[in-house]
Amino acid sequence: MARVKSGQTTRRRKKKTFRIAKGSYMSKRSRWRQVVQQVERSLRFAYVGRKDRKGDYRSLWITRINAAARLCGMTYGQLIHGLKKAEVILDRKMLAELAVMDSAAFKQVADIAKSAAKS
């Protein structure tokens, strides 16, 4: 019985890893051991970056909502508190979109929050 050779499989696996390492500095794109280390590191940073991006967007939305809320005469915290009391179900992404694109609609939402916070 003939033995199974793994040359093709190994080449395919290495080729995939080298392709990911393309653009790296010096021997981190051409030497196998360093390529493996660099690709593992890069993929680890990419994973963390995808998680961080969600928090970055949330803080951006909060900044935009706060700026628009202050134009309506209230703070971000007061706005969110009033919306929760009024049982308005709008997430921060939609509130930020309203603040940037449609300031009149945001003003109406802020008025709802202001009246609910007083009562």
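Residues numbered from 1 in each chain as written. Predicted model: local features only at pLDDT ≥ 70, side-chain atom pairs only at ≥ 80, totals over all residues. Heavy atoms only, no water.

**Student:** Explain unusual backbone geometry to me, please; I cannot follow it from the model alone.
**Tutor:** Across the chain, the bulk of peptide bonds are trans and the bulk of non-glycine residues have phi less than zero. Despite not being glycine, Met-26 has its phi angle at roughly 50°, a positive value. If you trace the backbone, Met-26 turns up in the loop between α1 (7–21) and α2 (32–71). Overall, Met-26 belongs to the exposed group, its relative accessible area being 54%. (Helix = DSSP H or I, 4+ residues; strand = E, 2+ residues; numbered from the N terminus. Buried < 20%, exposed > 50% of the residue type's maximum accessible area, 1.4 Å probe, protein only.)

**Student:** Sorry, what's going on with the side chain of Thr-17 here?
**Tutor:** Along the polypeptide, Thr-17 turns up in helix α1. By relative accessible area, which is 15% here, Thr-17 ends up buried. Discounting residues that sit within four places of it in the chain, Thr-17 has contacts with Trp-32, Val-35 and Val-39. (Contact = heavy atoms within 4.5 Å.)

**Student:** I keep staring at α2 and nothing clicks. Help me out?
**Tutor:** An α-helix turns once every 3.6 residues. As a result, residues three or four positions apart point the same way. Spanning 40 residues, α2 covers 57 Å between terminal C-alpha atoms, matching the ideal 58 Å at 1.5 Å per step. Along α2, the residues classified as buried are Val-35, Gln-38, Val-39, Ile-65, Ala-68 and Ala-69. Where α2 is buried, its residues touch α1, α3 (76–85), α4 (92–101) and α5 (103–118). A positive phi of about 85° marks Gly-73, the residue just after α2. (Expected span 1.5 Å × (residues − 1).)

**Student:** Could you clarify how one ought to interpret a positive patch on the surface in this entry?
**Tutor:** Together, Arg-11, Arg-12, Lys-15, Lys-16 and Arg-19 give the surface a local cluster of positive charge. Lys-15 gets classed as exposed once you look at its relative accessible area, which sits at 52%. (Patch = residues over 30% accessible without salt bridge, like charges linked within 9 Å, V, L, I, M, F, W, Y side chains within 5 Å. Areas by Shrake-Rupley, 256 points an atom, 1.4 Å probe, with all protein chains shown as cover. Salt bridge = Lys/Arg side-chain N within 4 Å of Asp/Glu carboxyl O. Lys, Arg positive; Asp, Glu negative; His and termini not counted. Charge placed at Lys NZ, Arg CZ, Asp CG, Glu CD.)

**Student:** So what exactly am I meant to see when it comes to the environment of Val-88 here?
**Tutor:** Along the chain, Val-88 falls in the loop between α3 and α4. In sequence terms Val-88 and Val-109 are 21 residues apart; their C-alpha atoms lie 8.7 Å from each other. When residues no more than four places from it in sequence are discounted, the contact partners of Val-88 are Leu-83 and Ile-112.

**Student:** Just checking my understanding: could you explain the packing of aromatic side chains for this structure?
**Tutor:** Describing an aromatic ring pair means giving the distance of the ring centres and the angle of the ring planes. Scanning the model with the defined rule gives 2 aromatic pairs in all. Taking 5.6 Å as the distance between ring centres and 50° as the angle between the ring planes, the aromatic pair formed by Phe-18 and Trp-32 counts as tilted. Of the two residues, Phe-18 sits in helix α1 while Trp-32 sits in helix α2, which places them 14 residues apart along the sequence. A residue is classified by how much of its surface remains accessible, and Trp-32, at 25% relative accessible area, is partly exposed. Relative to Trp-61, the ring of Tyr-57 lies with its centre 6.1 Å away and its plane at 35°, an arrangement referred to as tilted. In this pair, Tyr-57 and Trp-61 both sit in helix α2, 4 residues apart, roughly one turn of the helix. Over the aromatic face of Trp-32 sits the side chain of Lys-14, whose NZ or CZ is 5.0 Å from the ring centroid. (Phe/Tyr/Trp six-rings, centres within 6.5 Å; stacked < 30°, edge-to-face > 60°. Lys NZ or Arg CZ within 6 Å of the ring centre and 35° of its normal.)

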